[in-house]
Amino acid sequence: MRLVSTRDPQRHANFRQAVLAGIAPGGGLWMPDPLPVFPDWPELLDLAWSERCAVVLDRLLADELGREPVAQAVREALDFPVPLVPVRPGVFALELFHGPTLAFKDFGARFFAAVLDDVREPREPGRPVTILTATSGDTGAAVARAFWRRPGVRAVVLYPQGRVSALQELQFATLGENVTALAVDGAFDDCQTLVKTAFADAGLTARHGLTSANSINVARLLPQTLYYAEAVAALRRLGISEPPVIAVPSGNFGNLCAGLLARAMGLPVKAFIAATNANTTVPDYLETGDYRPRPSVATLSNAMDVGAPNNWERIENLFKGDLEALRRVLRWGSQSDAETERSIRELSTHGYLADPHAAVAWGVLRARLQPGETGVFLGTAHPAKFLPVYERLGIEVAIPPALSDLLGRPFLGREIPNEVGALREVLDKQREIESS
Ligand SMILES: *Cc1c(COP(=O)(O)O)cnc(C)c1O
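The shown structure was predicted, so the numbers you read here are calculated from the model rather than taken from an experiment.

Draft legend 1. Layout of the overall build of the protein chain. Counting its secondary structure elements, the protein chain contains 20 helices and 14 strands. Dimensions of the protein chain, computed from the C-alpha atoms along their principal axes, are close to 65 × 50 × 40 Å. Per-residue burial for the protein chain yields a buried fraction of 60% across its 436 residues. The contacts in the protein chain between residues at least 6 apart in sequence include a share of 74% that link residues at least 24 apart.

What follows is the structure in structure tokens.
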């Protein structure tokens with residue numbers, strides 16, 4: 001697979017290079033170039049989930065990684081169900097939270113972990129690899145879990161102290177061993193900036209073999225295209241062959257970008273809906289044509305509290321900056337916390353329990369879906385990750401064992417100030433301990 005930088009059409013990489021570099025020189029993001037268009041979607045959509053994943057990723061990656069490694073990565077990483085659940089007449093939830101950490105980040109994080117060994121150069125003994133990731137909640141859990149106990153790799157998770165849910169925090173801060181959880185005195189955007197600053201430090205990057213697992217990494221983006229195909233396939237199994245409108249609860253816009261890529265590859269999707277909480281940088285841009293990143297504000301759907309979405313640049317690139325073309329494919333809207341709570345309540349009276357992120361997508365979908373269209377909203381996390389929201393609403397949520405097992409485990413997270421010096425110190429100390 002050939003990729004090109006969003007900021008320099010002369011700058012190319014193969015998949016290996018793009019995964020290892022994370023970001024392109026000069027700060028660009030890697031985009032497939034050319035993007036393959038599959039002529040045989042009807043046949044692909046007839047395949048079962050795991051078969052389809054294997055075929056699609058084989059076409060994209062096997063020439064570089066080999067067929068068996070790709071097949072193995074699919075077996076290892078994409079091994080959990082993706083149910084399409086009817087919610088209202090003509091409206092379905094695609095539930096992406098049946099992986100080990102109960103959020104859709106498992107797709108990208110597990111696939112990234114599964115292919116990292118395949119893309120790495122044969123490792124020199126003692127040369128460290130450190131996965132450094134900033135999280136607004138779910139990424140940290142998925143990445144930490146995907147790398148936990150993998151030999152020769154350390155995973156370091158930076159998260160905004162007090163701004164992730166208690167259970168989310170336990171998911172990465174109780175693992176220990178090769179996982180380090182750092183609570184940063186700041187917001188998610190600060191964590192993201194710390195990661196960028198660390199990568200800009202060539203000495204630090206080399207010393208620790210820093211590798212990014214954030215949603216900018218193309219190894220996380222690619223597997224996310226696959227569940228959009230599953231949504232369309234599941235609708236067809238129900239006899240619905242009209243292309244659906246799919247609402248994506250968005251923060252960094254990696255998920256939506258993957259959907260737009262799938263559509264650009266020929267997947268029959270009528271339109272997407274960019275749904276946000278009060279962090280309305282993208283809806284405002286689509287409305288006014290004025291792109292203004294801003295500091296994030298805290299909301300109930302905390303995994304979407306992003307004011308400067310780092311994948312938006314890819315979407316701009318995919319549409320060559322043509323706002324009108326983008327508006328033909330993309331609808332948009334946002335929900336306040338009060339509207340999100342109302343949506344949760346309303347869905348629960350219809351017998352569906354939505355997490356706050358899915359509830360945002362549902363709320364915007366309901367406002368933007370035209371009569372006669374089939375709507376799908378993405379359920380990006382299990383509701384039990386956000387218990388206080390439901391307690392306040394008086395809605396009972398059963399806690400699945402994947403979460404209840406964490407309660408009572410020792411907390412191993414550490415606080416650090418919002419300074420790259422503090423991060424550098426933690427990494428260097430750790431390395432000292434490991435190599436002594
Ligand atoms: C990360 C996340 C989102 C936002 O996804 P992006 O790809 O960053 O737009 C939405 N919902 C949940 C539960 C998440 O964890």
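Draft legend 2. Up close: the site of the ligand. Around the ligand sit 15 residues in total, of which Lys105, Asp138, Gly251, Asn252 and Thr380 are the nearest. Burial of the ligand by the protein amounts to 97% of the accessible area it has alone, namely 380 Å². A class-by-class count of the residues in the shell around the ligand yields 6 nonpolar, 7 polar and 2 charged.

Draft legend 3. Quick look at the confidence of the model for the protein chain. Residues of the protein chain with pLDDT of at least 70 account for 99%, and the chain-wide mean is 94. Put simply, strand 9 (residues 210-212) is where the protein chain has its lowest mean pLDDT, 85, and strand 10 (residues 245-249) is where it has its highest, 99.

Draft legend 4. Region of interest: the sheet that holds strand 13 (residues 375-379). What the 6 strands build is an open sheet, ordered 4-5-13-10-11-12; its pairing is mixed. Two strands close off the open sheet at either side, each with one partner strand: strand 4 (84-88) and strand 12 (330-334). Sheet twist, expressed as the mean angle between neighbouring strand axes with direction ignored, is 25°. Here strand 5 (residues 91-95) pairs with strand 13 via 5 bridges, running parallel. In the strand pairing of strand 13, Ala93 is matched with Phe377. Against the sheet, helix 13 (residues 281-288) touches strand 11 (271-276) and strand 12, its axis set at about 125° to strand 12.

Draft legend 5. A look at helix 6 (residues 138-147). Burial analysis of helix 6 places 9 of its 10 residues in the buried class, which makes it a mostly covered element. Turning to helix 6, its buried residues number three or more, namely Asp138, Thr139, Gly140, Ala141, Ala142, Val143, Ala144, Ala146 and Phe147. Each element contacted by the buried residues of helix 6 is listed here: helix 5 (105-119), strand 6 (130-134), strand 7 (154-160), helix 7 (166-173), strand 8 (179-184) and helix 10 (218-224). One or two steps after helix 6, the chain reaches Arg149, where phi turns positive at roughly 65°.

Draft legend 6. A look at the environment of Gln72. Along the polypeptide, Gln72 turns up in helix 4 (residues 67-77). When the C-alpha atoms of Gln72 and Tyr390 are compared, they prove to be 39 Å apart, with 318 residues separating the residues in sequence. Within the structure, the side chain of Gln72 is placed 3.0 Å from the side chain of Arg75, a separation counted as a polar contact.

Draft legend 7. Structural detail: the nonpolar core. If you look at the biggest cluster of nonpolar residues, it comprises 103 residues, and the most contacted ones within it are Phe15, Leu61, Ile131, Phe147, Tyr227, Tyr228 and Phe272. Core analysis: the next-biggest nonpolar cluster, separate from the first, contains 38 residues, Phe97, Tyr352, Ala358 and Ile395 among them.

Draft legend 8. View of the environment of Ser336. Position of Ser336 relative to the elements: it lies in the loop between strand 12 and helix 16 (337-349). Under the relative-accessibility criterion, Ser336 is labelled partly exposed at 32%. Sequence-wise, Ser336 and Gly363 are 27 residues apart; in three dimensions their C-alpha atoms are separated by 9.9 Å.

Draft legend 9. Quick peek at the packing of helix 5 against helix 6. Put simply, helix 5 and helix 6 touch, their axes get as near as 8 Å, and they point 30° apart. Once helix 5 is placed against helix 6, the crossing between them reads as right-handed. Taken together, the residues of helix 6 that come into contact with helix 5 (itself represented by Lys105, Asp106, Ala109, Arg110, Phe112, Ala113 and Leu116) are Asp138, Thr139, Ala142, Val143, Ala146 and Phe147. Of the residues that constitute the contact of helix 5 with helix 6, the class distribution is 8 nonpolar, 1 polar and 4 charged.

Calculation rules
- Residues numbered from 1 in each chain as written.
- Predicted model: local features only at pLDDT ≥ 70, side-chain atom pairs only at ≥ 80, totals over all residues.
- Heavy atoms only, no water.
- Helix = DSSP H or I, 4+ residues; strand = E, 2+ residues; numbered from the N terminus.
- Buried < 20%, exposed > 50% of the residue type's maximum accessible area, 1.4 Å probe, protein only.
- Contact = heavy atoms within 4.5 Å.
- Near = heavy atom within 4 Å.
- Areas by Shrake-Rupley, 256 points an atom, 1.4 Å probe, with all protein chains shown as cover.
- Nonpolar A, V, L, I, M, F, W, Y, C, P; charged D, E, K, R; others polar.
- pLDDT = per-residue confidence, 0-100.
- Pairing = 2+ DSSP bridges.
- Axes fitted to C-alpha atoms, helices over the stretch in contact; angles between N-to-C directions.
- Polar contact = N/O pair within 3.5 Å; in protein donor to acceptor, adjacent residues only side chain to side chain.
- Core = buried A, V, L, I, M, F, W, Y, C linked by side-chain atoms within 4.5 Å.
- Left-handed = near helix turned anticlockwise from the far one by under 90°.

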